[in-house]
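Overview (structure and organization)
Residues per chain are reported as follows:
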Amino acid sequence: MEHPVEPKKHHRRPHYRGKYPRHFEEKYKELQPEKYQREIAHVIAKGNTPAGMHIPILVNEILEILDIKPGEVGYDATLGYGGHTEKMLEQLAGRGHLYSGDVDPIEAQKTIDRLRAKGYGEDIWSFRAMNFADIDRLAAEAGPFDFVLADLGVSSMQIDDPSRGFSYKADGPLDLRLNPEAGISAAERLASMDREEIEGMLVENADEPFAAEIARQIVRDRRRGAQIATTRALHAEIEAALARVKWPKGTTPQDKKEAIKKSSARTFQALRIDINREYEVLYRLMEKLPDALAPGGRAAILTFHSGEDRIVKKAFQAFYRSGVYAAIAKDVIRPSAEECRRNPRAHSTKLRWARKA
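Every value quoted in this text rests on a predicted model; they were computed, and no experiment measured them. (Residues numbered from 1 in each chain as written. Predicted model: local features only at pLDDT ≥ 70, side-chain atom pairs only at ≥ 80, totals over all residues. Heavy atoms only, no water.)

**Observations regarding unusual backbone geometry**
The phi angle of most residues is negative, glycine excepted, and most peptide bonds adopt the trans form. The condition is simple: Here a strand is any run of E in DSSP of at least two residues, a helix any run of H or I of at least four, and the numbering for each starts at the N terminus. Any residue under 20% of the maximum accessible area for its type is buried, any over 50% is exposed, and the rest in between are partly exposed; the area is computed with a 1.4 Å probe on protein chains only.
A positive phi is found at D67, a non-glycine position, where the angle reads about 45°. Among the structural elements, D67 can be located in the loop between α2 (59-66) and β1 (73-76). With relative accessibility at 40%, the residue D67 sits in the partly exposed group. Phi angles above zero are rare outside glycine, and L176 is one such case at about 70°. By the secondary structure assignment, L176 is in the loop between α6 (156-160) and α7 (186-191).

**Points about the environment of M88**
Within the fold, M88 resides in helix α3 (residues 83-92). Distance from M88 to L98, taken between C-alpha atoms, is 7.9 Å for residues 10 residues apart in sequence.

**Some words on the packing of aromatic side chains**
The description of an aromatic ring pair rests on the distance of the ring centres and on the angle between the ring planes. Note the following rule: Centres within 6.5 Å are what make two rings of Phe, Tyr or Trp a pair, Trp counting through its six-membered ring; a difference in plane orientation under 30 degrees is then read as stacked, over 60 as edge-to-face, and the rest as tilted.
According to the stated counting rule, one finds six aromatic pairs in the structure shown. Ring centres of Y75 and F145 lie 5.6 Å apart, and the angle between their planes is 25°; this geometry places the pair in the stacked category. On the criterion of sequence distance, the pair formed by Y75 in strand β1 and F145 in strand β4 (residues 145-151) is long-range, its members being 70 residues apart. In terms of burial, Y75 and F145 fall into one category: buried. Of the aromatic side chains, those joined through ring pairs into one cluster are Y75, Y99 and F145.

**A word on the pairing of β4**
Defined as follows: For two strands to pair, DSSP has to find at least two bridges joining them.
Of all seven residues in β4, six are buried, a share of seventy percent or more. Bridging between β4 and strand β5 (residues 293-303) involves six bridges; their strand directions are parallel. The residue of β5 that forms the bridge with F145 is L293.

**So, helix α11 (residues 253-275)**
Worth spelling out the cut-off: Multiply 1.5 Å by the residue count of a helix minus one, and that product is the helix's expected span. In this analysis, two residues are considered to be in contact whenever any of their non-hydrogen atoms come within 4.5 Å of each other.
Over its 23 residues, α11 extends 33 Å from the first C-alpha to the last, a length consistent with the 33 Å expected when each residue adds 1.5 Å. If you check which residues of α11 are buried, you get A259, I260, S263, S264, T267, F268, Q269, A270, L271, R272, I273 and I275. Residues of α11 that are buried in the fold lie against α7, α8 (195-206), α9 (211-223), α10 (231-243) and α12 (278-292).

**Remarks on the sheet that holds strand β2 (residues 97-102)**
Cut-off, in case you're wondering: Convention adopted: a line fitted to C-alpha atoms gives each axis, helices being fitted over their contacting stretch, and angles between N-to-C directions are expressed from 0 to 180 degrees.
Pairing in this open sheet of seven strands is mixed, and the strands run β3-β2-β1-β4-β5-β7-β6 from one edge to the other. Two strands bound the open sheet, and with one partner strand each, they are β3 (125-129) and β6 (325-328). Taking each pair of neighbouring strands and ignoring which way they run, the sheet shows an average axis angle of 15°. With three bridges connecting them, β1 and β4 associate as parallel partners. Bridge pairing in β4 places Y75 opposite V148. This element, helix α13 (residues 306-321), spans β5, β6 and β7 (350-356) of the sheet and lies at about 140° to β6.

**Focus on α8**
Definition in use: Relevant arc is that of directions from the helix axis to the C-beta atoms, nothing else. Between N or O atoms, a polar contact is any pair within 3.5 Å; within protein, one atom must be a potential hydrogen donor and the other a potential acceptor, and residues adjacent in sequence are included only when both atoms are from side chains.
Between its first and last C-alpha atoms α8 spans 16 Å; for 12 residues at 1.5 Å apiece the expected length is 16 Å, and the two agree. When α8 is considered as a whole, its buried residues turn out to be I198, M201, L202, N205 and A206. All buried residues of α8 lie within an arc of 95° about the axis, which places them on one face of the element. Against the buried residues of α8 lie α7, α9, α11 and α12. N-cap assignment for α8: the residue whose side-chain oxygen lies 3.2 Å from the backbone N of E196 is D194.

**Points about the pattern of salt bridges**
The condition is simple: Salt bridge criterion: a side-chain nitrogen from Lys or Arg within 4 Å of a carboxyl oxygen from Asp or Glu.
Counted by the stated rule, this structure contains 23 salt bridges. Note that D67 and K69 form a salt bridge whose closest N and O atoms lie 2.6 Å from each other. What makes K69 partly exposed here is its relative accessible area of 42%. Between E196 and R195 there is a salt bridge; the shortest N-O distance is 3.0 Å. The class for R195 is partly exposed, based on a relative accessible area of 30%.

Listed below in structure tokens is the structure:
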């Protein structure tokens with residue numbers, strides 16, 4: 001006896017108020033770029049990054065520095081949305097090999113599927129679920145590399161997804177892990193820290209001018225039973241902390257609002273760096289990078305705040321003085337005003353490069 005086939009249930013897309021969707025999950029067109037290319041182009045033309053996408057930064061400058069030739073072997077240490085990876089694959093023109101790594105299992109799989117659908121198979125491109133601190137292991141297997149790129153920024157699709165907890169602009173769990181399947185969340189980490197630890201983290205990882213006030217506020221409210229488990233809850237702590245500040249005469253409400261916004265961004269940055277051990281893994285990458293490069297190999301590193309840039313700059317200078325690198329960037333390379341207009345998230349980007357002797 002044949003069983004009747006149940007019809008598939010129709011799932012309506014999220015309904016939103018107003019002319020344009022405001023919440024991440026409602027932006028169904030932006031989340032399907034292959035299907036809605038016209039809408040995507042419109043969003044980008046307005047100087048915005050479509051939800052679930054990431055616009056690669058300093059692409060032309062990076063390609064000029066890496067000077068990729070068909071037949072070479074390279075490593076993109078941070079796959080992300082795959083924008084840089086795809087441009088490097090185009091330079092290889094079907095010859096040689098590119099390896100890409102990433103620790104984010106959620107976004108990495110989406111990018112793998114996208115690039116495989118474009119025809120980039122294992123013959124030319126391989127993915128490794130790995131932290132770039134382990135570049136020496138990959139180099140032992142596949143290197144040495146003719147070119148290496150590391151884009152240290154958090155991808156736009158991670159920032160925009162409230163479930164990842166990277167921004168206070170939408171409420172979500174205070175997570176902040178690049179790999180949500182490993183380690184503890186930012187909420188758990190924050191709950192375990194005392195006032196001195198919180199203040200030290202904010203100063204060391206973000207140069208936060210109100211570190212002491214924020215640390216005191218968090219510990220005070222925690223003793224009263226407050227649960228700082230969401231992005232908005234942490235933002236509220238920062239608002240409360242800065243409300244206690246004695247501002248100079250003439251400070252406007254807009255000035256205070258802007259200060260809260262910047263302190264929130266720095267606090268989230270500091271927590272993210274802490275739980276993902278970003279400085280530690282960057283130190284390891286910079287230490288191992290020379291041995292992973294072939295003679296004449298080129299490396300380009302994109303950083304997004306002063307702490308990262310200092311680490312990269314000092315490492316390149318030290319290896320240059322010792323003769324390991326034949327040349328390094330004399331000055332930092334910044335995005336043009338036009339690129340920043342098209343992609344406001346490029347504003348804080350700094351690019352440095354080195355070429356092995």
